[in-house]
Amino acid sequence: MAIIKVENLYKVFGKEPKRAIEMVKKGYKKDEIMAKTGTTIGINNVSFEVEPGESFVVMGLSGSGKSTLIRCLNRLIEPTSGSISINDKDITKMDKQELSELRKKNVSMVFQNFAIFPHYTVLENAAYGLKVMGVVKEEREKKALESLEAVGLKGWETYYPSKLSGGMQQRVGLARALATDPDILLMDEAFSALDPLIRKDMQSELLELQDKLQKTIIFITHDLDEALRLGDRIALMKDGEIVQIGTPEEIMMSPATEYVEKFVEDVDRSRVLTAEMIMKKSAAIIHYPKDGPRVALHRMKENDISSIFIVDKQNRLIGIVMAEDALTAVEKNETSLDTIIQKDIPTALPDTPLKEMFTLMTGKNLPLAVVDENYKFKGIVVRGTVMAKLAEGGNAND
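Residues numbered from 1 in each chain as written. Predicted model: local features only at pLDDT ≥ 70, side-chain atom pairs only at ≥ 80, totals over all residues. Heavy atoms only, no water.

The protein chain carries the name Quaternary amine transport ATP-binding protein in an unreviewed UniProt entry, which gives Evansella alkalicola as its organism. UniProt, in its Subunit (unreviewed entry) section for the protein chain, records the words "The complex is probably composed of two ATP-binding proteins, two transmembrane proteins and a solute-binding protein." Per its UniProt entry, the protein chain bears the Catalytic activity (unreviewed entry) comment "a quaternary ammonium(out) + ATP + H2O = a quaternary ammonium(in) + ADP + phosphate + H(+)". (UniProt positions renumbered as here; feature names shortened; annotations may be inferred.)

### Considerations on the layout of surface pockets
There is about 1,500 Å³ of room inside the largest pocket. Taken together, 36 residues make up the lining of the largest pocket; nearest its centre are Leu207, Arg229, Glu276, Pro350 and Asp351. Only helix 9 (196-213), helix 10 (224-230), helix 11 (248-253), helix 13 (269-272) and helix 14 (275-278) provide two or more residues apiece to the lining of the largest pocket. Ranked by residues supplied to the lining of the largest pocket, first place goes to helix 9 with eight residues. In the lining of the largest pocket, the residues fall into eleven nonpolar, nine polar and 16 charged. Here the second largest pocket is characterised by a volume of approximately 510 Å³. (1 Å grid on protein atoms, 1.4 Å probe; cavity = no way out; pocket = protein on both sides within 12 Å on 5 of 7 lines; lining within 4 Å. Points joined across faces, edges and corners; volume = space filled by probe spheres on them. Helix = DSSP H or I, 4+ residues; strand = E, 2+ residues; numbered from the N terminus. Nonpolar A, V, L, I, M, F, W, Y, C, P; charged D, E, K, R; others polar.)

### Remarks on the packing of helix 15 (residues 293-303) against helix 16 (residues 323-331)
When two helices pack together, their arrangement is given by the angle between their axes and by how far apart the axes lie. Interhelical geometry of helix 15 versus helix 16 gives an angle of 140° and a closest axis separation of 9 Å. By the criterion of interaxial angle, the relationship of helix 15 to helix 16 is oblique. In this structure, the crossing between helix 15 and helix 16 has a hand that is left-handed. Together, Pro293, Arg294, Leu297 and Met300 of helix 15 and Ala323, Ala326, Leu327, Ala329 and Val330 of helix 16 make up the contact between the two elements. (Axes fitted to C-alpha atoms, helices over the stretch in contact; angles between N-to-C directions. Parallel < 35°, antiparallel > 145°, perpendicular 65-115°, else oblique. Left-handed = near helix turned anticlockwise from the far one by under 90°. Contact = heavy atoms within 4.5 Å.)

Written as structure tokens, this is what we have:
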């Protein structure tokens, strides 16, 4: 069930919103409506849903409506018409008290300009949202310390913002948002003001945090690389409209309009596509030590494959068994896989780029196992898929 559901949302800036919306429905363009009515279409009939724990990135150029949209999601900007449901409650119909409770408990926002108080310490800034909620000092400081540790600021509690770098200040803003344990994080160009290297570090930290906390995140950016890196799905906006919603691979490989195609044309797909995007979540595995060579052969025959990965009870990867080795073991009447397991095999983390996968597989006639940081098996990438994607996205020897 969707945690956020937006339906037929409009935001018109100006004195004739109803007339402007009627003109939109009749097919008038944004510039024509501005010329005839003096109103600006900020959001134009936007609808989408976001699942719990999803990182949903809204991307577009300046003036596309992306920042207006995110501010409508917690009513910092009042929508003109349409509905915005959070946990099945339409927030456009909430009174001031209900809206205040929503902002305190369910939705937190991280801004581009950090928005932290210069006269508060790092700890006081991180605890501010909890203070507003009326949480007692001891409890709010405990939660604030936990969120500061989560964003890598343990030990900086007594410092003031003036002593921190831009990246550290943004971490404070993120810690403050996390301290209230919201269901939803709204992040409006949160890393845009940072230097490129710091920005990449913050993106990595956000991905790590999301892996642990599984928050629902709406992230606004004008940067395609950032969107591709952070988004489970991406919504691309133009002139207040959403022109395409899709996974990073769908946006890259199947642009819905000429505008989207131009937006993504200069991106090297081989650097953007990751192991997780192209892997197969194969059920064709066997378990050690309970399964033997006969089970291995049976599973390979079932799935029409010539090798099979082996995992333990915790789904951690152990190795791979080849069909010819399993057949030899059966002919020798062996019941264990011990003598035929190959443990020196290529593996990749889910975020490994396509070009790195090609390098890992070069010279090895084996599929690539995708594992997480705990070596738990996630899926399989076969050489043919890598080669096909490289052919679509560029030369393997770039």
